[in-house]
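These are the residues of each chain, in order.
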Amino acid sequence: MNITVIGCWGAYPEKNEATSGYLVESEGGKILLDCGSGVLSRLQNHCPLEELDAVVLTHTHADHIADVYSLEFAILILMQIGKRSKPLDIYVNGEERGSFAFEYPDYVRVHSIDADTVLTIGSVKLEFSETVHDIPCFAVKLTSQEGKTFVYSGDTGYCQALIDFSRSADVLLIESSFYDWQAGKMEWHLTAGEAGKIAALAGVGQAILTHFPHYGELTQLAEEASRHYAGPIRLAYCGMQVHI
Ligand SMILES: [Zn+2]
Ligand SMILES: [Zn+2]
């Protein structure tokens, strides 16, 4: 399973970058997790849109879905000119299904997911767990044929469910929207210290911090997480690749 960070900013993209978007490639499947602002353009550095099999959207905040309607048009055009042969499968939170305004069912097939959904896309199994956020949101766990596990937190406040869901994951990609000095200001997102605590309690193999704030020194996020988690911690960056 190969994971590529397409975008790692919270809220809005920095210059020439993107908000949430993560490409997961495995034998027989290319999956995009979230499709935020700037993702559609940058995704094409790593995956021709003809080859994308599915998009999984954790929730409907703009920094996770802003480019998905442009992607619908890309699929429409690629199919109309014969460059792509099949519609794109888009998986959305069932509770938020009504919020989406896809217009072309011949080109995108929209599927609802809930906490009990188990999907297989290519050779990867996907499972979901509700997070603590101000709108319905899922964390996603992907398990490869070889049994390697990758968990993406989506957006979340601190919760035991994410610790249980991430138990012994090989890689935990976890949001770190805030510095520790901001603790208590926002219950729907994590501080870096909380992200580190979750990584430690879940016993993950490595933690990658993402969904960054637009101020301060990002290296401080890794330092704050490392006060709780002794394993390897890295900061996501656009174009980062991880193989598990
Ligand atoms: Zn977000
Ligand atoms: Zn959000």
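Keep in mind the model is a prediction, meaning the values are calculated, not measured. (Residues numbered from 1 in each chain as written. Chains lettered and ligands numbered in written order. Predicted model: local features only at pLDDT ≥ 70, side-chain atom pairs only at ≥ 80, totals over all residues. Heavy atoms only, no water.)

### Considering a negative patch on the surface
Basically, it comes down to this: Exposure above 30% relative accessible area and the lack of any salt bridge qualify a residue for a patch; like charges then connect within 9 Å, and the nonpolar side chains Val, Leu, Ile, Met, Phe, Trp and Tyr within 5 Å. Per-residue and other accessible areas follow the Shrake-Rupley method at a 1.4 Å probe size, with only the shown protein chains counted as cover for residues. Within this document, salt bridges are pairs made up of a side-chain nitrogen of Lys or Arg and a carboxyl oxygen of Asp or Glu, the two lying within 4 Å of each other. We treat Lys and Arg as the positive residues and Asp and Glu as the negative residues; His and chain ends play no part in the count. Lysine's charge is taken at NZ, arginine's at CZ, aspartate's at CG and glutamate's at CD. Numbering of helices and strands runs from the N terminus, with a helix taken as a DSSP run of H or I at least four residues long and a strand as a DSSP run of E at least two residues long.
Residues E95, D114, D116 and E130 make up a contiguous surface patch of negative charge. Its place among the elements puts D116 in the loop between β6 (108-113) and β7 (118-121).

### Comments concerning the UniProt feature "domain: Metallo-beta-lactamase" (unreviewed entry) in the protein
Formally: UniProt positions are given in the numbering used here, feature names are shortened, and annotations may be inferred rather than shown by experiment.
UniProt's feature table lists "domain: Metallo-beta-lactamase" (unreviewed entry) at residues 18-211, given in the numbering used throughout. Between the C-alpha atoms that bound residues 18-211 there is a distance of 10 Å. The span itself is 20% helix and 29% strand.

### Some details on the pattern of salt bridges
Rules: Think of it in three bands: with a 1.4 Å probe and only protein chains considered, a residue is buried below 20% of the maximum accessible area for its type, exposed above 50%, and partly exposed in between.
In total, this model carries six salt bridges according to the counting rule given. The shortest N-O distance in the salt bridge between K125 and E127 comes to 3.9 Å. The class of E127 is partly exposed, set by a relative accessible area of 22%. Taking the shortest distance from any N to any O, the salt bridge between D164 and R167 comes out at 2.9 Å. Using a relative accessible area of 42% as the deciding quantity, one classes D164 as partly exposed. Connected through shared salt-bridge partners, E25, K30 and E51 make up one network.

### Things to note about the sheet that holds strand β11 (residues 171-175)
To be explicit about the condition: Pairing between strands is defined by DSSP: at least two bridges between the two strands are required. The convention used is that axes are lines fitted to C-alpha atoms, helices contributing only their stretch in contact, and that angles between N-to-C directions extend from 0 to 180 degrees.
Here we have seven strands laid out as an open sheet, ordered β7-β8-β9-β10-β11-β12-β13, and mixed in their pairing. Taken across any chain shown, the strands that pair with only one partner, and hence form the sheet edges, are β7 and β13 (233-235). Neighbour-to-neighbour, the strand axes of this sheet turn through a mean angle of 20 degrees, independent of strand direction. In this structure, strand β10 (residues 149-152) lies alongside β11, joined through three bridges in parallel fashion. Residue pairing in the sheet places Y152 in a bridge with L173 of β11.

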